[in-house]
Amino acid sequence: GAVVSQHPSWVICKSGTSVKIECRSLDFQATTMFWYRQFPKQSLMLMATSNEGSKATYEQGVEKDKFLINHASLTLSTLTVTSAHPEDSSFYICSALAPLPATDTQYFGPGTRLTVL
Amino acid sequence: KQEVTQIPAALSVPEGENLVLNCSFTDSAIYNLQWFRQDPGKGLTSLLLIQSSQREQTSGRLNASLDKSSGRSTLYIAASQPGDSATYLCAVGSSNTGKLIFGQGTTLQVKP
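Residues numbered from 1 in each chain as written. Chains lettered and ligands numbered in written order. Predicted model: local features only at pLDDT ≥ 70, side-chain atom pairs only at ≥ 80, totals over all residues. Heavy atoms only, no water.

**Points about the interface of chain A and chain B**
Listed per partner, the contact involves 18 residues of chain A and 19 residues of chain B. For the pairing of chain A and chain B, the buried interface totals around 1,400 Å² over both sides, and the portion due to carbon and sulfur atoms is 51%. When the area that chain A buries against chain B is broken down by residue, the three leading residues are Ser43(A), Asp104(A) and Phe108(A), summing to 38%. For the pair chain A and chain B, the number of links is one salt bridge. Measuring nitrogen to oxygen at the nearest pair gives 2.9 Å for the salt bridge that ties Lys99(B) to Glu59(A). Of all elements in the fold, only β4 (32–38), β5 (44–51), β9 (90–97) and β10 (106–108) of chain A reach the threshold of two or more residues within the side of chain A that touches chain B. Residue classes in the side of chain A that touches chain B are distributed as nine nonpolar, six polar and three charged. (Contact = heavy atoms within 4.5 Å. Buried area = accessible area lost by both parts, 1.4 Å probe. Salt bridge = Lys/Arg side-chain N within 4 Å of Asp/Glu carboxyl O. Helix = DSSP H or I, 4+ residues; strand = E, 2+ residues; numbered from the N terminus. Nonpolar A, V, L, I, M, F, W, Y, C, P; charged D, E, K, R; others polar.)

**Digging into the confidence of the model for chain B**
When pLDDT is averaged across chain B, the result is 95; 100% of the residues are at 70 or more. Mean pLDDT values over the elements of chain B span from 93, in strand β5 (residues 44–51) of chain B, up to 98, in strand β8 (residues 72–77) of chain B. (pLDDT = per-residue confidence, 0-100.)

**Things to note about empty space enclosed by the protein**
One pass over the structure, following the stated rule, counts one cavity of 30 Å³ or more. Approximately 60 Å³ is the volume attributed to the largest cavity. Among the residues forming the lining of the largest cavity, the class breakdown is three nonpolar, nine polar and one charged. (1 Å grid on protein atoms, 1.4 Å probe; cavity = no way out; pocket = protein on both sides within 12 Å on 5 of 7 lines; lining within 4 Å. Points joined across faces, edges and corners; volume = space filled by probe spheres on them.)

As structure tokens, this is what we get:
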């Protein structure tokens, strides 16, 4: 099956710094990727939809100036957590929509564990 | 606003048992419904995808059903194995945009 990777798999940073997380579709081109956040013992919450070549669409309550998303190519989307604070500590997961004809299929990355001290 | 609920939150069964995981959703106007598996600290693996026009899907020991009118889906796992231990997530797609609304998940433990 298709593979989506994330880098880094985990990161620890100091409060106030920025962290960039990469999401790559390794063997297919994805015009649409999604970013989710998962707090401990909770489910995935959609943060934003990332479309190649255009601005991301953010879900209600997600600060677009804090969570910067760039989908610069058909295989790469990045999420930058700016001025991170301890409450941003979470598990961030991306997914990529499969290309035609299987566009209902999403492939998920392995996740990135962010810890802000 | 679509809400997805999964019951039970946790389940522990002995190896070999057949079991049913439940998922309910509040808005029956769905595009599709998917079941995923998540191992601790890992990403998601897609198990089954049911389109809104379908009633069920099967893959090996897994069978998922969909009843849109009642807002319910079930995931049936036959002859459970310790390797089935994981969190199972139900997710509803409300359109063809790919956006998914997830339930809280059911954490399954299958004891040898």
